Structures are given as structure tokens and as C-alpha cells.
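Read off the chains here:
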Amino acid sequence: MKILITAGPTREPLDPVRFISNRSTGKMGFALAQAAAEAGHTVTLVAGPVTLPTPAGVRRIDVCTALEMLDAVTQALPACEAFISCAAVADWRPETCSSTKLKKSEMSGTLRLVRNPDILRTVRPLKGTRKFVGFAAETGEPTAEAARKLRDKGLDLIVANDVTAPGAGFATETNRVTLLTPDGSREALPLMDKLEVARRIIAWLEA
Ligand code: CTP
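Before going into details, it helps to say that this report is about the structure given with it. (Residues numbered from 1 in each chain as written. Predicted model: local features only at pLDDT ≥ 70, side-chain atom pairs only at ≥ 80, totals over all residues. Heavy atoms only, no water.)

A closer look at helix H2 (residues 66-76)
Turning to H2, its buried residues number three or more, namely Ala66, Met69, Leu70, Ala72, Val73 and Ala76. Considered in projection along H2, the buried side chains sweep an arc of 165° and stay on one side of the axis. Elements that come into contact with the buried residues of H2 comprise strand S1 (2-7), strand S2 (12-15), strand S4 (42-47), strand S5 (59-62), strand S6 (82-85) and helix H3 (119-123). (Buried < 20%, exposed > 50% of the residue type's maximum accessible area, 1.4 Å probe, protein only. Helix = DSSP H or I, 4+ residues; strand = E, 2+ residues; numbered from the N terminus. Arc of directions from axis to C-beta. Contact = heavy atoms within 4.5 Å.)

Written out as C-alpha cells, the structure reads:
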């Protein structure tokens, strides 16, 4: 298969030195890219700003903002049979971005934000027979929210995890996830290495 994967956070600049972002490190998305490439698939990895090396055999496109990620996904998707949206896309960006460093005397203490597009929803008209896999990172029991996102975003599979659970979440080597599909089936996987979780997700796509 030709598989498109997004990974990492997006970074939304306020000026050349400041940004808003989130705690994603890209580990889960890069593990997916590695697992897919090792299984013989052709992988395009759209990566937000992370410090991880590119897995062998993977075509990597680096982006910074959600709008840049959307652009890269829109261009790469038509040639792919599956899209795994693992990135922690920032839902909001500063309304304006200054080309020079803002002086604190020029800042009011209130940051005006505008909504970023939802990448999965935006590219849904291009889905066709492609398989779409999403992630739901929640704080607390994740499956109810994940089931809602699975339905709302028209996904074939969603990977739910509680980012506050021991051994799960940001910057960890391991994850504990539940796989949910539109037919209502749920598979709760034990705590395992992110690469092992990634191999399970790629195996699901292959099946
Ligand atoms: N996602 C996306 N574009 C966004 C936000 C999220 O494509 N602007 C994708 C993520 O890559 C993930 C899925 O949507 O696969 C769920 O992301 P999540 O942040 O958990 O959900 P949100 O849609 O942002 O919903 P909420 O803020 O209500 O949790």
C-alpha cells in the first residue's frame, strides 16, 4: 500500500520567536512510519516540528503550521490508499503573526485566536475507497469521545488513548490504546511499545 501518515504537533507562530503548540513529540507517528516501511509499504510522512530521525525508506515532508500540514496532506493524499492522521494538530492559531519580535509594551495580555481547519474533515471529500485512521488523545476514559470522533470524522478506525494513564501519552516509549471501528467493535490492547502498537495498526490496514 501507499500510506500517508501525519505526525507530531503543529506550531502556530505569533512572531519569529513565539508560538503556541502542544506536547506531541511525534513518537507514535514515526513508529507508524517505521512499521509501515518495514512491512514493505510506501510511506509518506508529513511531520510537524519534531527532533526524530526519519525512519529508513520513508519520504518525509516537514511542515510547521496546521495550514501547511493541510496543504501537504491534500497534495499527497490522491496517490495514497490509506491515511493515518496521528498528528496533534493545533486547533487554533494566532489571528495575526508579526514579522518582527513583538515588544511586551505592544501586547495587550489577550491573544486573539482563529480556528484552524480540521484536516481529516477537510480532506474527507477525497476519501473514496481510501482507509482513514484517526487518533483520539483524551484525558480520562477515552472510548466515548473516540466513538464520537470516529463517527463525526467518517473514519474506518480510531485509536483511543488516555494520555494521562501510566505508560501512555506524550514522550513515552509505550502506549495503551483501544481500537474502535464503525461496526461497534472495540479491541483494548495491553500496554506495549509504540512500535508494537504501530505494527498492530498497520496489520489492521493490511487485513
Ligand atoms: N485532527 C485533524 N485536524 C485538526 C484536529 C485534529 O485532522 N485540526 C485529527 C487528529 O489528527 C486525530 C483526530 O483528528 O486523528 C482527533 O483529534 P483530537 O485532537 O483528539 O480531536 P479534535 O477533533 O481536535 O476534537 P476535541 O478538540 O473536541 O478533542
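Once you've had a look at it, read on.
Focus: the packing of helix H1 (residues 27-38) against helix H5 (residues 194-206)
Direction vectors running N to C along H1 and H5 enclose 55°, while the axes themselves pass 8 Å from each other. In terms of orientation, H1 lies oblique with respect to H5. Remark: the crossing between H1 and H5 carries right-handed chirality. Of the residues in H5, those touching H1 at Lys27, Met28, Ala31, Leu32, Gln34, Ala35, Ala36 and Glu38 are Lys194, Leu195, Val197, Ala198, Arg199, Ile201 and Ile202. (Axes fitted to C-alpha atoms, helices over the stretch in contact; angles between N-to-C directions. Parallel < 35°, antiparallel > 145°, perpendicular 65-115°, else oblique. Left-handed = near helix turned anticlockwise from the far one by under 90°.)

Here we look at the side chain of Thr181
Note on placement: Thr181 falls in the loop between strand S12 (177-180) and strand S13 (186-188). At 2.8 Å, the side chain of Thr181 forms a polar contact with the side chain of Ser185. (Polar contact = N/O pair within 3.5 Å; in protein donor to acceptor, adjacent residues only side chain to side chain.)

Focus: the site of the ligand
Around the ligand there are 15 residues in total, and Ser85, Ala87, Ile119, Lys149 and Lys153 lie nearest to it. One of the backbone N or O atoms of Pro117 is found 3.0 Å from a nitrogen atom in the ligand. Here Ile119 contributes a backbone N or O atom positioned 2.9 Å from a nitrogen atom of the ligand. Its free accessible area being 570 Å², the ligand has 77% of it covered by the protein chains. Sorting elements by how many residues they give to the shell around the ligand places strand S9 (residues 131-138) first, with 4 residues. (Near = heavy atom within 4 Å. Areas by Shrake-Rupley, 256 points an atom, 1.4 Å probe, with all protein chains shown as cover.)

Section: a nonpolar patch on the surface
Judged by side-chain polarity, Trp92, Leu111 and Leu113 come together as a nonpolar surface patch covering roughly 270 Å² of accessible area. Along the chain, the position of Leu113 falls in strand S8 (residues 113-115). A relative accessible area of 36% means that Leu113 is categorised as partly exposed. (Patch = residues over 30% accessible without salt bridge, like charges linked within 9 Å, V, L, I, M, F, W, Y side chains within 5 Å. Salt bridge = Lys/Arg side-chain N within 4 Å of Asp/Glu carboxyl O.)

Quick look at unusual backbone geometry
You will see that Ala171, though not glycine, has its phi angle at about 65°, which is positive. Structurally, Ala171 can be placed in the loop between strand S10 (157-162) and strand S11 (174-175).

A short note on the pattern of salt bridges
In a structure, side chains of opposite charge can pair up when their charged atoms sit close to one another. For the coordinates displayed, the defined rule picks out 12 salt bridges. Between Lys153 and Asp118 there is a salt bridge whose closest N-O contact spans 2.6 Å. Of this pair, Lys153 sits in the loop between helix H4 (143-152) and S10 while Asp118 is found in the loop between S8 and H3, placing the two residues 35 residues apart along the sequence. Among the residues examined, Asp118 registers a relative accessible area of 24% and is labelled partly exposed. We note a salt bridge from Asp152 to Arg148, for which the minimum N-O separation is 3.2 Å. Taken together, the residues Asp152 and Arg148, both in helix H4 and 4 residues apart, mark about one turn of the helix. Residue Arg148 is classed as partly exposed on the basis of its relative accessible area, which comes to 33%. The network of salt bridges with shared partners includes Glu38, Glu196 and Arg199.

Honestly, that's just the spatial picture; any functional story needs more than this.
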